[in-house]
Amino acid sequence: MTENKRKTGARYERMAGAYLTEKGYEILEYNFRCRMGEIDIVARDAEYLVFCEVKYRSDDKNGHPAEAVDRKKQQVISKCALFYVASRGLSGLACRFDVVCFEGDAVTLYQNAFDYLGGW
């Protein structure tokens with residue numbers, strides 16, 4: 001029996017968290033949710049507050065996982081990040097948006113994968 005998408009996503013988010021920890025990130029939170037959407041991982045990397053999206057594809061039939069982080073998804077993540085920063089009083093921190101992609105057995109980290117898009 002195959003895992004449902006939520007379980008698969010959660011498993012890869014934890015794997016991404018472990019990978020980021022190995023890279024020196026401090027994981028602050030998994031699956032931050034607000035009314036605008038969700039951020040898979042919130043972490044610290046040196047002076048940066050990092051909002052990280054995790055994408056998995058078993059093969060390339062549906063394109064590279066990073067392609068799934070399109071402009072619309074970037075806007076959702078940006079709005080959630082703004083809410084996270086505001087709700088926690090962290091407005092003085094430098095922020096960055098990273099993407100961790102799993103394609104089969106390969107993992108790729110895209111630091112500063114996109115710029116802030118949004119507003120309220």
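Here is a short report on the structure shown in this document.

Basis of the calculations
Residues numbered from 1 in each chain as written. Predicted model: local features only at pLDDT ≥ 70, side-chain atom pairs only at ≥ 80, totals over all residues. Heavy atoms only, no water. Helix = DSSP H or I, 4+ residues; strand = E, 2+ residues; numbered from the N terminus. Buried < 20%, exposed > 50% of the residue type's maximum accessible area, 1.4 Å probe, protein only. Core = buried A, V, L, I, M, F, W, Y, C linked by side-chain atoms within 4.5 Å.

## Here's the deal with unusual backbone geometry
It is generally the case that most residues other than glycine have a negative phi and that most peptide bonds are trans. The backbone of Asn31 shows a phi angle near 55°, a positive value even though the residue is not glycine. One non-glycine residue, Asn112, lies in positive phi territory at about 50°. Its location among the elements puts Asn112 in the segment after β5 (106-110). Among the residues examined, Asn112 registers a relative accessible area of 47% and is labelled partly exposed.

## Some words on the nonpolar core
Core analysis: the largest hydrophobic core is formed by 17 residues, its most contacted members being Ile39, Val42, Phe51 and Ile77. Elements supplying a minimum of two residues to this core: β1 (26-34), β2 (37-45), β3 (48-57), α2 (71-87) and β4 (94-103). With 5 residues, the top contributor of residues to this core is α2. Counting residues in hydrophobic clusters, the runner-up holds 13 residues, among them Ala16, Tyr19, Val50 and Cys52.

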